[in-house]
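Listed below are the residues making up each chain.
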Amino acid sequence: MKGHTSYFLIVASVCLSVAAGCAAPAATPVPPLATPEPPTPTPVPPAAAAPDSFAVVQAWADAIYSGDVDEALSYFTDDGNYLLGYTEYGKDSLHWVFNWLAGLETKWEFLDCQPGEDSIACNMTVLDGCMAASGSKGLPVKAAFTFQDGKIKEVTGYGIGPEWDAYWDFVSLVGSWEGVNRPEESAKAIEGTLEGGAVRIGICRDYAAAMKTQPAATEAAAQAWVAALNNGDVDAALALFKGETMFKFWNDTSQGEEQVRAMFDWLAGKETQYQITNCEWMGTGVKCDVVAVDGCIAASGVPDGLHGKLTFDSYEDGKLKSVSGVLLVTERKAYQTWLDAERAWAAAAHADELAQAEGYSKPAGAIAVKLCREYAAAPAEATSSTTEAQPGLPTAAPIPIIWDDDGSIDGVTALLYLLRNPAFEVKAATVSPGIAHPKVFAANLVRFFTLLGVENVPVAAGPEQPLVGNNAFPEAWRTASDKFWDLELPAAAAPVDERTAAVLIVDVIKNSKEPVVVFVSGSLTNLAQALRADASIKDGIRSVEIMGGAVKSAGNVDSVPAEWNIYIDPVAAEEVFASGVPIRLTPLDATDQIFWMESDATAWEASG
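To keep things clear, this report deals only with the structure shown in the data block. Fair warning: this is a prediction, and the values are worked out from it, not measured in the lab. (Residues numbered from 1 in each chain as written. Predicted model: local features only at pLDDT ≥ 70, side-chain atom pairs only at ≥ 80, totals over all residues. Heavy atoms only, no water.)

Our next topic: the nonpolar core. If you look at the biggest cluster of nonpolar residues, it comprises 98 residues, and the most contacted ones within it are Trp-60, Tyr-82, Phe-98, Phe-145, Trp-225, Phe-264 and Phe-312. Ranked by residue count, the leading element in this core is helix H1 (residues 53–66), at seven residues. Setting aside its immediate chain neighbours within four residues, Phe-98 contacts Trp-60, Ile-64, Val-69, Ala-72, Leu-73, Phe-76 and Tyr-82. The next biggest cluster of nonpolar side chains, apart from the first, holds 25 residues, and it includes Ile-402, Leu-504, Val-508 and Val-520. (Core = buried A, V, L, I, M, F, W, Y, C linked by side-chain atoms within 4.5 Å. Buried < 20%, exposed > 50% of the residue type's maximum accessible area, 1.4 Å probe, protein only. Helix = DSSP H or I, 4+ residues; strand = E, 2+ residues; numbered from the N terminus. Contact = heavy atoms within 4.5 Å.)

Pasting the structure below:
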């Protein structure tokens, strides 16, 4: 029931009376004066009732849940903003997000609200169709509503508590699963539409239903595949697949039934044996620990096999779509070194047989094993002269590089790659304004380096604000980054550098004997400040590698056509682009065309 504060106007009536008090000479008595009628007061209109803030908010929430987007919009000012999990400005954008919320059957429950001057702050829960499908009864949220002329001017807020982490894990798994099992529906789940929200709920519910059977069915199929392959029964192994079959293990890849059959025959010829344990559901299938051994692995001196990961992607019925796997990097490198030496020996001493071992077939696998065993049994002097160095390692000096990011998870992923790649030497890490607050993230980054055992890489913080303006990421995103995504970090072995990020960039470039690569995966604020401080550093920059901008796409900032890294500080971006430094831009368009598959994640994890 809507409550309204009522104001009552109390009107007092004034009664007038006149008494006769004068004596008259003897005459006809004078009757008393008639009492006049009191004047009728001028009507005063009642004061307009002040709207109840909570009633307005509740009415808006009810309208969203009922699917009445027009009514929901009526509770907002024409220039209203919605910054609760989204960044929508103005009624056109509000229409988009309200359609989406309504389509998702979003329901808010207000636990307690505290009114302020032209505002109200609430603790509440939110539950939509996908959240309910995940098993949630409602996720906690803090929100603030500000008012103008009795209407909502702006909503800000963020989710709180570990329940959100579990829900986002669910969303991620659904996203992986639907690409395989609901591709047509996924294309129809268009954000910003009532219909799209309804389709999205259907996908979430289908995924939740599939999870009652698909993980167990997939693991059973994986174990059956291992048993069939270990027994050399290629037909039985293939019978567990459907659709466009794919198999990839380490350096060997095959796709389509004909190629996969040949690969399985080759594995049988190599006397391959797999053992899988500890299988875990990953959204599109199960990922298992694997121990792999074949005739060559055993001949290399590892009879118990090499360790790695196997991922079995499946369809909803548990039939296999693909199998992909990797070996742990430390074991893989040692075995690869042995294989390179064995191949060099075979090329010198058994060229004809080596040629027969090429390609994928059962005879080729058997000949490969024969050569491995002969190499292992050959006298040392017969093999030492043909041993080759491990391929793939750089022979030139590593390239000096500065990593500059705004506290993003993708930026940290790139940093991990750069730290492990011997082709690069990370000379400094600087934090720009963007997702994280630079000083907070820099302090966490030195602790992260302690965890990794990284030494002698200075870390410096940039300014808290862009060069001009106040563009900023949603607060919920910034909170997660400031907490370093809840990773448990040790105490820092070294402090954050006292220099600003810009000064550190200048110092590294000026003191480097070789031109420096500047890798920027956040805003360009720090580099712009460095160029302002000393424009001559551009002569010491080998290249500026930028992830930013949207060339032919609409960007990823909901409120305007822009990409976040450029949007945060467009003035800095303009200055860097005009500075004359050599730039290589990787825009959002390019990243949208790169698919990150489960097998890629497995390979990344296995690389250590």
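By the definition in use, this model includes four disulfides. There is a disulfide in this structure between Cys-130 and Cys-204, and the S-S distance comes to 2.0 Å. Taking the torsion about the sulfur-sulfur bond, which here is approximately 85°, the covalent link between Cys-130 and Cys-204 counts as right-handed. In this pair, Cys-130 is assigned in helix H4 (residues 129–133) and Cys-204 in helix H7 (residues 194–210), connecting sequence segments 74 residues apart. For Cys-130, a relative accessible area of 4% corresponds to the buried category. Note on Cys-204: relative accessible area 3%, which makes it buried. Between the sulfur atoms of Cys-296 and its disulfide partner Cys-372 the distance amounts to 2.0 Å. When the S-S torsion is 85°, as for the bridge of Cys-296 with Cys-372, the disulfide is right-handed. Taken together, the residues Cys-296 in helix H11 (residues 295–299) and Cys-372 in helix H14 (residues 362–377) connect sequence positions 76 residues apart. By the burial criterion, Cys-296 is buried, and Cys-372 matches it. Numbered in order of appearance, the disulfide-bonded cysteines of the protein are paired 1-2, 3-4, 5-6, 7-8. (Disulfide = S-S within 2.5 Å.)

With parallel pairing, the six strands of this open sheet are ordered in space as S15-S14-S13-S16-S17-S18. Every interior strand has two partners, whereas the edge strands, strand S15 (459–461) and strand S18 (583–586), have only one. Taken pair by pair, the neighbouring strands of this sheet meet at an average axis angle of 20°, ignoring direction. Bridging between strand S13 (residues 399–405) and strand S16 (residues 516–520) involves four bridges; their strand directions are parallel. (Pairing = 2+ DSSP bridges. Axes fitted to C-alpha atoms, helices over the stretch in contact; angles between N-to-C directions.)

Compared with the 20 Å implied by 1.5 Å per residue over 14 residues, the 20 Å span of H1 between its first and last C-alpha is a close match. When we look at burial in H1, the residues that qualify are Ala-55, Val-56, Val-57, Ala-59, Trp-60, Ala-61, Ala-63 and Ile-64. The backbone nitrogen of Phe-54 has a side-chain oxygen 3.0 Å away, supplied by the residue at the start of H1, namely Asp-52. One or two positions beyond H1, positive phi appears at Gly-67, with a value near 85°. (Expected span 1.5 Å × (residues − 1). Polar contact = N/O pair within 3.5 Å; in protein donor to acceptor, adjacent residues only side chain to side chain.)

Moving on, we come to the pairing of strand S4 (residues 119–127). Taken together, the nine bridges between strand S3 (residues 107–116) and S4 define a ladder with antiparallel strand orientation. When the bridges of S4 are listed, Trp-108 appears paired with Val-126. Here S3 folds back onto S4 in antiparallel fashion, the turn holding two residues, of which Asp-118 has a positive phi close to 60°. By the bridge criterion, eight bridges tie S4 to strand S5 (residues 139–148) in an arrangement that is antiparallel. Its bridge partner being in S5, Ala-121 is matched across the sheet by Ala-144.

Turning to unusual backbone geometry, a few remarks are in order. Positioned with a positive phi, Glu-105 is a non-glycine residue whose angle comes to about 60°. Considering the arrangement of structural elements, one finds Glu-105 in the loop between helix H3 (90–103) and S3. Given a relative accessible area of 38%, Glu-105 falls into the partly exposed group.

By the secondary structure assignment, Gln-58 is in helix H1. Residues Gln-58 and Phe-110, 52 residues apart in the sequence, show an inter-C-alpha distance of 8.2 Å.

What follows concerns the sheet that holds strand S2 (residues 88–89). The strands that make up a sheet are held in pairs by hydrogen bonds between backbone atoms, and each pair lies either parallel or antiparallel. Read across the open sheet, the six strands follow the order S2-S1-S6-S5-S4-S3; overall the sheet is mixed. Edge positions in the open sheet fall to S2 and S3, since each of these has one partner strand only. By the bridge criterion, five bridges tie strand S1 (residues 76–84) to strand S6 (residues 151–159) in an arrangement that is parallel. Directly across from Phe-76, in S6, lies its bridge partner Ile-152. Lying on the sheet, helix H5 (residues 163–181) is in contact with S4, S5 and S6; it crosses S5 at an angle near 100°.

Let's shift gears to helix H10 (residues 257–269). Here H10 spans 18 Å end to end across 13 residues, near enough to the 18 Å set by a 1.5 Å rise per residue. Of all the residues in H10, the buried ones are Val-260, Met-263, Phe-264, Trp-266, Leu-267 and Gly-269. The inward-facing, buried residues of H10 contact helix H8 (214–230), helix H9 (234–238), strand S7 (241–249), strand S8 (252–255), strand S9 (273–281) and H14. Of the residues trailing H10, Glu-271 is marked for its positive phi of about 60°.

Turning our eyes to something else, we now look at the environment of Val-560. Looking at where Val-560 falls in the secondary structure, it is placed in the loop between strand S17 (541–547) and helix H21 (564–568). You can call Val-560 partly exposed: its relative accessible area is 32%. Spatially, the C-alpha atom of Val-560 lies 8.9 Å from that of Tyr-89, the residues being 471 residues apart in sequence.

Honestly, that's just the spatial picture; any functional story needs more than this.
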